[in-house]
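What follows is each chain in one-letter form.
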Amino acid sequence: MATLRFNSLTGTLEKNPTSFFSSNPRLCWAYFQCNNKGERRASRMTVKAMGAAKYKGTQMREKKLTEMIEKKVTEAKQVCEGDETSEECKVAWDEVEEVSQAKADLRLRLEIEKKDPLESFCQENPETEECRIYED
Amino acid sequence: MAVCSAYTTQSLHSTCSISTPAKTHLGFHQKQVVFYRRSSKRGGSGSSSGPCVITCSAGDSQTVVIGLAADSGCGKSTFMRRLTSVFGGAAEPPKGGNPDSNTLISDMTTVICLDDYHSLDRTGRKEKGVTALDPRANDFDLMYEQVKAIKSGVAVDKPIYNHVTGLLDPPELIKPPKILVIEGLHPMFDERVRDLLDFSIYLDISNEVKFAWKIQRDMAERGHSLESIRASIEARKPDFDAYIDPQKKYADAVIEVLPTQLIPDDNEGKVLRVRLIMKEGVKHFSPVYLFDEGSTISWIPCGRKLTCSYPGIKFHYGPDTYFGNEVSILEMDGQFDRLDELIYVESHLSNISTKFYGEVTQQMLKHADFPGSNNGTGLFQTIVGLKIRDLYEQITSSKTAAPLEATKA
């Protein structure tokens, strides 16, 4: 989601975050109630990149998905250079769609539902590497 | 395969005695409960004339199956959340299982993601050169067998497709719920699966709106740009048009999302025109209407009694045909800005299957942070959720009414 938010716990700022917020007020509407100017109504600000990730496993998943999106977009561009209508090209962009949606779903879960997907798993298995509480 | 109808026990007369053998003399397994009605001494409440055997099944073997065709991911979409919320309770992934499971479970409903029936994982699809949209990437035989099993009250071990790794993970146990929702790209593709559905919905997003939504979804990602988002949509379009789009003619309800007509040249996808296309003659489903069923109505609620801000709200209702089927179409263009607009609109709609005045508004407010809460997408998704609840109650009560009819014979 293109919003600029500062998280009190962690923060890695996305590239050029301010440009999203000010130049694309319409993007506010997707997940937030916005006033007429397209500004998010809530008063607090948080860094979007981290959301509400609590466990290391979730934070690692987020990172992995982000990297995969970048990698697969680059791959797709390369594959499609030869022939845009080839099967390889279609499959490559389909993969981009799949990981983009997976990332969006994870983000939705963390930001809107505020529930870490590993919550119930980590209650049963608090000792695992994945269930270490994510710290800065 | 034994023919066994499902009935609940509550409404049967108390003169029925219950025996629950693990295996009855008829040779059925487990979930069968046989009721024997004793011949009544006095004739009881006039509903019997001699002994009769009613064969019943205990448990949840009257699972209602709903199909939802959507291109927006699985089991986590806004529509699913609204739907499960109508039945009460929040839907959660199965506790203690695979954290990458796509399944959602609440008290009454279980939502299954049809991606779990991929026969090819990401590597397999790359090798064969097929997208996830292609039927060749999906195991429809397994989908049919398992949905049929769940519908008849048998738990199944369903595979899990992991969207993060792109692999097929070990299966998870799915117990038959009261309502099973199968969500994904191909719920109505296979004819056998289609016949198992008690109700089906197709979410039809127009290309312009799809583009605007994917921009909202992806622009914040480092790897994406406007070009990559556009290229991804374009590349998937041929398979989408060939395999997914044709399913909409089978749907009992189609929610069509289009750009608004209220603002000229609006391409931001912010204000939406949403059409709820409802098939006529579907069992247990009575279409929503405005004012006068079967007539054609154009309605702008904003005026003297209700003031709205720009661009306002516009409704349309009327009969039509859709792929050769008789349908009724309810359409909303514009958006809600205030609570009283929403309540005002709700009070003028008929056949919305609410249990109390203001239920639609209450449901919309409960999820005010969901996308579409201020326009037709949220409104119609909520209404469809209430219609499904109504359909479920009709199906389950018609099953309990049947044995009472039998005793009168």
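Residues numbered from 1 in each chain as written. Chains lettered and ligands numbered in written order. Predicted model: local features only at pLDDT ≥ 70, side-chain atom pairs only at ≥ 80, totals over all residues. Heavy atoms only, no water.

**Student:** Got a sec to walk through the overall build of chain B? Specific residues and values, please.
**Tutor:** The secondary structure content of chain B amounts to 9 helices and 17 strands. Out of the 409 residues belonging to chain B, those deemed buried represent 56%. (Helix = DSSP H or I, 4+ residues; strand = E, 2+ residues; numbered from the N terminus. Buried < 20%, exposed > 50% of the residue type's maximum accessible area, 1.4 Å probe, protein only.)

**Student:** A description of the pattern of salt bridges should follow, citing residues and the corresponding values.
**Tutor:** All names here are of chain A. Counted according to the given criterion, the structure contains 36 salt bridges over all chains. For K72, the salt bridge identified is with E95, shortest N-O distance 2.9 Å. Remark: E95 occurs in helix 3 (residues 87–113) and K72 occurs in helix 2 (residues 56–82); sequence separation between them is 23 residues. Take K72: its relative accessible area is 9%, and that puts it in the buried class. (Salt bridge = Lys/Arg side-chain N within 4 Å of Asp/Glu carboxyl O.)

**Student:** Describe helix 5 (residues 207–218) of chain B, listing the residues and the values that go with them.
**Tutor:** The end-to-end C-alpha distance of helix 5 of chain B is 16 Å, a good match for the 16 Å that 12 residues give at a rise of 1.5 Å each. Three or more residues of helix 5 of chain B are buried, namely V209, K210, A212, K214, I215, Q216, R217 and D218 of chain B. (Expected span 1.5 Å × (residues − 1).)

**Student:** So what's going on with the interface of chain A and chain B? Residues and values would help.
**Tutor:** Tallying the contact residues gives 50 residues for chain A and 51 residues for chain B. In this assembly, chain A packs against chain B so that about 4,700 Å² is buried in total across both faces, 54% of it on carbon and sulfur atoms. Put simply, chain A and chain B have 12 salt bridges between them. Across the pair K126 of chain B and E95 of chain A runs a salt bridge, and its minimum N-O distance is 3.7 Å. Applying the counting rule to chain A against chain B returns 17 residue pairs in polar contact (both at pLDDT 80 or more). Considering every element that reaches the side of chain A that touches chain B, the biggest residue donor is helix 3 of chain A, with 21 residues. Residue classes in the side of chain A that touches chain B are distributed as 22 nonpolar, 5 polar and 23 charged. (Contact = heavy atoms within 4.5 Å. Buried area = accessible area lost by both parts, 1.4 Å probe. Polar contact = N/O pair within 3.5 Å; in protein donor to acceptor, adjacent residues only side chain to side chain. Nonpolar A, V, L, I, M, F, W, Y, C, P; charged D, E, K, R; others polar.)

**Student:** Any chance you could break down the packing of helix 7 (residues 339–348) of chain B against helix 8 (residues 359–366) of chain B for me, citing the residues and the numbers?
**Tutor:** All names here are of chain B. For the pair helix 7 and helix 8, the least separation of the axes is 8 Å and the interaxial angle reads 145°. Crossing of helix 7 against helix 8: the hand is right-handed. Between helix 7 and helix 8, the contacting residues are L339, L342, I343 and E346 on the first element and E359, V360, T361, M364 and L365 on the second. Tallied by class, the residues present in the contact of helix 7 with helix 8 amount to 6 nonpolar, 1 polar and 2 charged. (Axes fitted to C-alpha atoms, helices over the stretch in contact; angles between N-to-C directions. Left-handed = near helix turned anticlockwise from the far one by under 90°.)

**Student:** Can you lay out the environment of I233 of chain B for me, pointing to particular residues and giving the numbers?
**Tutor:** Its place among the elements puts I233 of chain B in helix 6 (residues 226–244). Excluding residues within four positions of it along the chain, I233 of chain B makes contact with K210, F211 and K214 of chain B.

**Student:** Go over unusual backbone geometry, please, and point to the residues and values.
**Tutor:** Residue and element names in this part refer to chain B. Residues Y310 and P311 are joined by a peptide bond in cis, for which omega reads 0°. By secondary structure assignment, the location of P311 is in the loop between strand 14 (297–299) and strand 15 (313–322). The phi torsion at H284 lies on the positive side, around 65°, for a residue other than glycine.

**Student:** Can you break down helix 3 (residues 140–151) of chain B residue by residue, with the values?
**Tutor:** Residue and element names in this part refer to chain B. Here helix 3 is 12 residues long and its end C-alpha atoms lie 16 Å apart, about the 16 Å a rise of 1.5 Å per residue gives. Turning to helix 3, its buried residues number three or more, namely F140, M143, Q146, V147, A149 and I150. The distance from a side-chain oxygen at the start of helix 3 to the backbone nitrogen of D141 is 3.3 Å, and the residue carrying that oxygen is D139. The first or second residue beyond helix 3 is G153, which carries a positive phi of 95°.

**Student:** I'd love a proper account of the sheet that holds strand 10 (residues 199–205) of chain B, names of residues and values included.
**Tutor:** Residue and element names in this part refer to chain B. On the basis of which strands lie adjacent, the open sheet formed by 10 strands has the order 5-6-9-4-10-11-12-16-15-14 and mixed pairing. In this open sheet, the two strands that pair with only one neighbour each are strand 5 (104–105) and strand 14. As paired elements, strand 4 (residues 64–69) and strand 10 share 4 bridges and run parallel to each other. Bridged to A69 within strand 10 is Y202. (Pairing = 2+ DSSP bridges.)

**Student:** Mind laying out the state of the cysteines, listing which residues take part and the relevant values?
**Tutor:** All names here are of chain A. All chains considered together, the criterion is met by 2 disulfides over all chains. Residue pairing for C80: its cysteine sulfur links by disulfide to C89, the two sulfurs lying 1.9 Å apart. Between C80 and C89, the S-S torsion sits near 105°, and that sign places the bridge as right-handed. Here C80 and C89 have matching classes, each one buried. (Disulfide = S-S within 2.5 Å.)

**Student:** How would you explain a negative patch on the surface if you had to name every residue and give the values?
**Tutor:** A surface patch of negative charge is lined by E280, D292, E293, D320 and E326 of chain B. Structurally, the position occupied by D320 of chain B is in strand 15. (Patch = residues over 30% accessible without salt bridge, like charges linked within 9 Å, V, L, I, M, F, W, Y side chains within 5 Å. Areas by Shrake-Rupley, 256 points an atom, 1.4 Å probe, with all protein chains shown as cover. Lys, Arg positive; Asp, Glu negative; His and termini not counted. Charge placed at Lys NZ, Arg CZ, Asp CG, Glu CD.)

**Student:** Mind laying out the nonpolar core, listing which residues take part and the relevant values?
**Tutor:** Residue and element names in this part refer to chain B. Membership of the largest hydrophobic core comes to 57 residues, with the highest contact counts inside it found for I66, F199, I255, F315, L330, L379 and F380. Examining the composition of this core, we find that 9 residues originate from one element, helix 9 (residues 376–408), more than from any other. When sequence neighbours within four positions are dropped, the list of residues in contact with F380 reads I255, V274, R275, L276, L330, E331 and M332. Counting 29 residues, the second largest nonpolar core, distinct from the first, contains V65, L114, L197 and V327. (Core = buried A, V, L, I, M, F, W, Y, C linked by side-chain atoms within 4.5 Å.)

**Student:** Give a detailed account of the pairing of strand 8 (residues 168–174) of chain B, specifying residues and quantitative values.
**Tutor:** All names here are of chain B. Pairing of strand 7 (residues 156–161) with strand 8 involves 5 bridges; the strand directions are antiparallel. Each bridged residue has a counterpart across the sheet, and for D157 the counterpart in strand 8 is L173. Between the antiparallel neighbours strand 7 and strand 8 lie 6 residues, among them G166 with a positive phi of about 80°.

**Student:** How would you summarise the environment of M68 of chain A if you had to cite specific residues and measurements?
**Tutor:** Structurally, the position occupied by M68 of chain A is in helix 2. When the C-alpha positions of M68 of chain A and V99 of chain A are compared, they lie 7.1 Å apart, and in sequence the two are 31 residues distant. With residues up to four places along the chain from it excluded, the contact list for M68 of chain A reads V99 of chain A together with R122 and V164 of chain B.

**Student:** Quick one: what's the story with the packing of helix 5 of chain B against helix 6 of chain B, residue by residue and with numbers?
**Tutor:** The packing of two helices is summarised by the inter-axis angle and the distance between the axes. Residues and elements named next belong to chain B. With their axes 10 Å apart at the nearest point, helix 5 and helix 6 run at an angle of 135° to one another. Viewed along their axes, helix 5 and helix 6 adopt a mutual orientation that is oblique. In the packing of helix 5 onto helix 6, the handedness of the crossing is right-handed. On the side of helix 5, the interface is formed by N207, K210, F211, K214, I215 and D218, while helix 6 contributes L226, I229, R230, I233, R236, K237 and F240. Considered class by class, the residues forming the contact of helix 5 with helix 6 number 6 nonpolar, 1 polar and 6 charged. (Parallel < 35°, antiparallel > 145°, perpendicular 65-115°, else oblique.)

**Student:** Residue-level account of the confidence of the model for chain B, with values.
**Tutor:** Residue and element names in this part refer to chain B. On average, chain B scores 84 in pLDDT, and the residues at 70 or more come to 81%. Counting contacts from residues 1–35, a segment whose pLDDT is below 50, to residues more than four positions away or on other chains yields 70 contacts. Contacts for the low-pLDDT stretch residues 39–60, under 50 throughout, to residues beyond four places or in other chains number 44 contacts. For this predicted complex, the interface score ipTM comes out at 0.79, while the overall pTM is 0.78. (pLDDT = per-residue confidence, 0-100.)

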